[in-house]
Amino acid sequence: MTKRTTHWTSGRPTPGTGARTSPVYNPATGELIAETELAGPAEVDAAVADAVRAARRWRESSLSRRAAVLFRFRELLSAHTEDLAEVITAEHGKVLDDAVGEVRRGLENIEFATGVPHLLKGSYSAQASTGVDVHSLRQPLGVVAGITPFNFPAMVPLWMCGNAIACGNAFVLKPSEKVPSAALLLAELWQEAGLPDGVFNVVQGDRVAVDALLAHPDVAAVSFVGSTPVARHVYETGTARGKRVQALGGAKNHAVVLPDADLDLAADAVVSAAYGAAGERCMALSVTVAVGSVADDLVAAIAARLPGLSVGDGAKPGTDMGPLISREHRDRVAGYVAAGAAQGATVVVDGREAEVPGDGFFLGTTLLDHVTPEMTVYTDEIFGPVLSVVRVDTFDEALALINANRYANGTAIFTRDGGAARRFQNEVEVGMVGVNVPIPVPVGYYSFGGWKASLFGDTHMYGPEGISFYTRGKVVTSRWPDPAASPSGIDLGFPQTR
Ligand code: NAD
């Protein structure tokens, strides 16, 4: 019998109604490995009601208790990294090392959240006016929801839940229905860490569950990560209902390679960023902008590296690149390669011709040269192992190209010229910038977020901005009667002189 993936509420796995389910595949074999529940509005209501009750108690727990739970969760997460990685690889397809890397990056966010006693410190101004003091504090929102994409089944939930819970909220996670199991393992670890029941919940589902969360009056805030059209929908619907929303969308990340760059370093970085996780990363490199004389050598250096990448089952040692998430997505990506060729790009390496194993959803690596901004391989987020090279003559043209793009998640420049790098980081209109670094995913004590169509809302995710997102500020202005003139006549023991 096919495994049935459950929800998680009240501190335990909760079977769904079974009214609607969705298949979960191992993308490396094409095999059906589970059916996941798809929650309807009644199941979402029940999970949120549970979270409301838990949030009332959890917000009263001391900062040291919260920090203790987070420290234990950090240790458990670290100890179970391999278990989580196996679950991720089985449902997503990425290679095991990459899945381990994803958990480790998520761990950084939990380490950050362990500092909650410090992070929630307010400020204090004594004697703002005579006898008047002012202080500020940050308080939790109540119930907050996280809606996450298929490509990081553990890391993206960890971007959200550590900070949300540390701040005293209850968290309802709605993972991607394509990769439902990592969320349940996270739930078990939270429980083992001593988190009270109902503070971390998982509602499996699709757009029906998302819309129910967006409509629910007791969901105070929504953190979303996924594609741009859905991010826009979540942002517009959630904010129209008075919720706080941060919605991170798609990407089309460019790396500029200047003629003075270290060519080997740039080619290695470009290959790893373009083809790692089969290009299914929001920080994947999709476009390399080759400036001036570097183009021929750069294309040759990238092409020379591709035969060395082994494509196969991510669970098997020695594999560099796994399959895509689904058969339909694989075919869609292959369609972009065909469109690029038809629209005039030079197909240097064609992933459709690669020898790939068995029945999985595999596609080899593709390298397209002489891509121009009108081609669909340039305009669209492909989310697959396809790298386009756009050739330009100058640094200014490269900068203008990036700044004209509707997406603005991450970018990078490869150069030895400090002046060029400095100008790039100042003038590029993108949220996360790398200098001789291919995937500039900020460390956990900074915040993650793109600009333009890559993020709707004004708060980036995790780090300091995450703390701000999951709390409301309050400012208290207080004046107390002169103790010397206390109407109660009680001797407060204050000095009587001024
Ligand atoms: P997706 O937008 O299809 O799904 C994301 C979430 O939204 C899932 O939980 C899904 O169930 C739900 N959803 C899907 N369609 C919906 C609809 N019509 N209404 C309401 N909810 C809906 O994204 P995906 O395919 O899972 O993930 C890939 C996308 O996510 C890419 O575009 C990628 O760039 C983006 N992404 C962005 C970041 C970032 O930080 N900016 C990080 C990871 C992924």
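As a reminder, the structure under discussion sits directly above these lines.
## Re the sheet that holds strand β4 (residues 21-26)
Within a beta sheet, neighbouring strands are joined by backbone hydrogen bonds and run either parallel or antiparallel to one another.
Now for step 1: Reading across the sheet, the three strands line up as β1-β5-β4 and stay open at both edges, with mixed pairing between neighbours. Single-partner strands in this sheet number two, and they are β1 (3-5) and β4. Across the sheet, the mean angle from the axis of one strand to that of its neighbour is 35°, orientation sign disregarded.
Now for step 2: As paired strands, β4 and strand β5 (residues 31-37) are joined by six bridges and run antiparallel to one another. In the strand pairing of β5, V24 is matched with A34.
Now for step 3: Its contacts with the sheet put helix α3 (residues 81-92) on β4 and β5, and the angle it makes with β4 is roughly 100°.

## Section: the site of the ligand
Now for step 1: Near the ligand lie 27 residues; those nearest to it are K174, E177, S227, G249 and E381.
Now for step 2: The contact in question runs from an oxygen atom of the ligand to an N or O atom on the backbone of T148, over 2.8 Å.
Now for step 3: Contact distances for the ligand include 3.0 Å between an oxygen atom and a backbone N or O atom of F150.
Now for step 4: Taken by itself the ligand offers 830 Å² of open surface, and the protein chains cover 89% of this.
Now for step 5: More than half of the atoms belonging to the ligand lie within 2 Å of the grid points that define the largest pocket.
Now for step 6: Going through the elements one at a time, α8 (207-215), β11 (219-225) and α9 (228-240) are the ones with two or more residues in the shell around the ligand.
Now for step 7: Residues belonging to the shell around the ligand are distributed by class as follows: 14 nonpolar, nine polar and four charged.

## Description of the pattern of salt bridges
Now for step 1: The full count for this structure, using the stated rule, is 19 salt bridges.
Now for step 2: Put simply, K94 and E102 hold a salt bridge, and the shortest N to O gap is 2.6 Å. Here K94 matches E102 in class, with each residue buried.
Now for step 3: The salt bridge partner of R330 is D331, with a shortest N-O separation of 2.9 Å.
Now for step 4: The exposure class assigned to D331 is partly exposed, which follows from its relative accessible area of 44%.
Now for step 5: When salt bridges with common partners are traced through the structure, they connect R74, E75 and E111 into a single cluster.

## A short note on the sheet that holds strand β23 (residues 471-479)
Now for step 1: Read from one edge of the open sheet, three strands run β6-β7-β23, paired in antiparallel fashion. With partners counted over all chains shown, the strands left at the sheet margins are β6 (124-129) and β23, one partner each. Sheet twist, expressed as the mean angle between neighbouring strand axes with direction ignored, is 30°.
Now for step 2: Across nine bridges, strand β7 (residues 132-140) lies against β23 in antiparallel orientation. Paired with V132 across the two strands is R479, which belongs to β23.

## What about unusual backbone geometry?
For residues besides glycine, phi is generally negative; the peptide bonds are generally trans as well.
Now for step 1: Positive phi, close to 60°, is recorded for Q127, a residue that is not glycine.
Now for step 2: Mapping Q127 onto the fold places it in strand β6.
Now for step 3: Although it is not a glycine, A278 adopts a positive phi angle of roughly 55°.
Now for step 4: By the secondary structure assignment, A278 is in the loop between α10 (263-275) and β14 (285-291).
Now for step 5: For A278, a relative accessible area of 1% gives the class buried.

## A few points about a nonpolar patch on the surface
Now for step 1: Together, V443, Y445 and Y446 line one region of the surface with nonpolar side chains, adding up to about 340 Å² of accessible area.
Now for step 2: The topology assignment puts Y445 in the loop between β20 (432-435) and β21 (451-452).

## Concerning the packing of aromatic side chains
The description of an aromatic ring pair uses the distance of the two centres, along with the angle that the planes make with each other.
Now for step 1: Going through the model one piece at a time under the given rule, you end up with 11 aromatic pairs.
Now for step 2: Taking 3.7 Å as the distance between ring centres and 5° as the angle between the ring planes, the aromatic pair formed by F73 and W190 counts as stacked. With F73 in helix α2 (residues 63-79) and W190 in helix α7 (residues 181-192), this residue pair connects regions lying 117 residues apart in the sequence.
Now for step 3: For F73, a relative accessible area of 0% puts it in the buried group.
Now for step 4: Note on W190: relative accessible area 1%, which makes it buried.
Now for step 5: Grouping aromatic residues by their ring pairs yields a cluster made of F73, F171, W190 and F200.

## Details of the nonpolar core
Now for step 1: Residues L77, W159, F171 and F200 are the most contacted members of the largest nonpolar core, which totals 64 residues.
Now for step 2: Broken down by element, this core gets its largest block of residues, nine residues, from helix α6 (residues 155-166).
Now for step 3: For this core, the domains that each give at least three residues are domain 1 (3-249 + 454-476) and domain 2 (253-435).
Now for step 4: Once residues within four sequence positions are removed from consideration, W159 is found in contact with N109, V225, L248, F448, M461 and Y462.

## Structural notes on empty space enclosed by the protein
Now for step 1: Summed over all chains, the structure comprises four cavities of 30 Å³ or more.
Now for step 2: Roughly 110 Å³ of volume is contained in the largest cavity.
Now for step 3: Lining the largest cavity are 14 residues, with G279, A284, S286, E381 and F383 sitting closest to its centre.

## A word on the environment of G444
Now for step 1: Checked against the element boundaries, G444 lands in the loop between β20 and β21.
Now for step 2: Along the backbone, G444 and N169 are 275 residues apart, and their C-alpha atoms lie at a distance of 20 Å.

The rules behind each value
- Residues numbered from 1 in each chain as written.
- Predicted model: local features only at pLDDT ≥ 70, side-chain atom pairs only at ≥ 80, totals over all residues.
- Heavy atoms only, no water.
- Pairing = 2+ DSSP bridges.
- Helix = DSSP H or I, 4+ residues; strand = E, 2+ residues; numbered from the N terminus.
- Axes fitted to C-alpha atoms, helices over the stretch in contact; angles between N-to-C directions.
- Contact = heavy atoms within 4.5 Å.
- Near = heavy atom within 4 Å.
- Polar contact = N/O pair within 3.5 Å; in protein donor to acceptor, adjacent residues only side chain to side chain.
- Areas by Shrake-Rupley, 256 points an atom, 1.4 Å probe, with all protein chains shown as cover.
- 1 Å grid on protein atoms, 1.4 Å probe; cavity = no way out; pocket = protein on both sides within 12 Å on 5 of 7 lines; lining within 4 Å.
- Sits in = over half its atoms within 2 Å of the grid points.
- Nonpolar A, V, L, I, M, F, W, Y, C, P; charged D, E, K, R; others polar.
- Salt bridge = Lys/Arg side-chain N within 4 Å of Asp/Glu carboxyl O.
- Buried < 20%, exposed > 50% of the residue type's maximum accessible area, 1.4 Å probe, protein only.
- Patch = residues over 30% accessible without salt bridge, like charges linked within 9 Å, V, L, I, M, F, W, Y side chains within 5 Å.
- Phe/Tyr/Trp six-rings, centres within 6.5 Å; stacked < 30°, edge-to-face > 60°.
- Core = buried A, V, L, I, M, F, W, Y, C linked by side-chain atoms within 4.5 Å.
- Domains from an automatic or database assignment.
- Points joined across faces, edges and corners; volume = space filled by probe spheres on them.

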